Amino acid sequence: GKDVPVPTVFPNPASDVLNVAFDMPAKGSAYLQVLDVHGRVVRDRDMDFDKGPQTMSLRVQDLQAGTYDLRLLTTVNGGPQNVRFIKQ
């Protein structure tokens, strides 16, 4: 299949809210997980979306400062896509 763009996260570093922008090639659901350096899920959220560019936001103000991985899984994009961000 065609390559799917990796999600974009902003602001990065994040302090209060992390926004995640991605494209849905078809109607479906998206599931976000934030993983700490040990691979533990410390935040997650899922939503249904129509086709097209989307943005989801996650509250991160209570996370400890450090490096995290954001994992995006969708019902239409195949396997998980990870992007790293900094919590300040």
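All values reported here derive from a predicted model rather than from experimental measurement.

Undergrad: Sorry if this is basic, but what is going on with the overall build of the chain here?
TA: Across its full length, the chain carries 0 helices and 7 strands. Each helix and strand of the chain, placed in order from N terminus to C terminus, yields the pattern β-β-β-β-β-β-β. The C-alpha radius of gyration of the chain comes to 13 Å, within 12% of the 12 Å expected for a compact globule of 88 residues. Principal-axis analysis of the C-alpha atoms gives the chain an extent of 35 × 20 × 20 Å.

Undergrad: Quick question: what am I supposed to make of the sheet that holds strand β1 (residues 8-10) here?
TA: Consider a sheet: its strands pair through backbone hydrogen bonds, and that pairing is either parallel or antiparallel. Taken together, the 3 strands give an open sheet; going across it, the order is β1-β2-β5, and neighbouring strands pair in antiparallel fashion. Each having just a single partner strand, β1 and β5 (52-59) make up the two edges of the open sheet. Averaged over all adjacent pairs, the angle separating strand axes in this sheet is 25°, with direction ignored. As judged from the 3 bridges shared by β1 and strand β2 (residues 17-24), these two strands associate in the antiparallel manner.

Undergrad: Looking at this structure, how should I read the packing of aromatic side chains?
TA: For any two aromatic rings, the description comes down to two numbers: the centre-to-centre distance and the angle of the planes. Here the structure, examined in full by the defined rule, presents 2 aromatic pairs. Summarising the aromatic geometry, the rings of Phe22 and Phe49 are spaced 5.5 Å apart at their centres and angled 85° between planes, so their arrangement reads as edge-to-face. Here Phe49 lies in strand β4 (residues 41-49) and Phe22 lies in strand β2, a separation of 27 residues in the sequence. The pair Phe22 / Phe49 is uniform in exposure class, with both members buried. Plain terms: the ring middles of Tyr68 and Phe85 are 5.7 Å apart, the flat faces sit at 20° to each other, and that makes the pair stacked. With Tyr68 in strand β6 (residues 66-74) and Phe85 in strand β7 (residues 81-87), the pair connects residues that are 17 residues apart, well separated along the chain. Note on Tyr68: relative accessible area 7%, which makes it buried.

Reading the values: rules and limits
- Residues numbered from 1 in each chain as written.
- Predicted model: local features only at pLDDT ≥ 70, side-chain atom pairs only at ≥ 80, totals over all residues.
- Heavy atoms only, no water.
- Helix = DSSP H or I, 4+ residues; strand = E, 2+ residues; numbered from the N terminus.
- Rg over C-alpha atoms; globule rule 2.2 N^0.38 Å.
- Pairing = 2+ DSSP bridges.
- Axes fitted to C-alpha atoms, helices over the stretch in contact; angles between N-to-C directions.
- Phe/Tyr/Trp six-rings, centres within 6.5 Å; stacked < 30°, edge-to-face > 60°.
- Buried < 20%, exposed > 50% of the residue type's maximum accessible area, 1.4 Å probe, protein only.

Coordinates in, geometry out; function isn't part of it.
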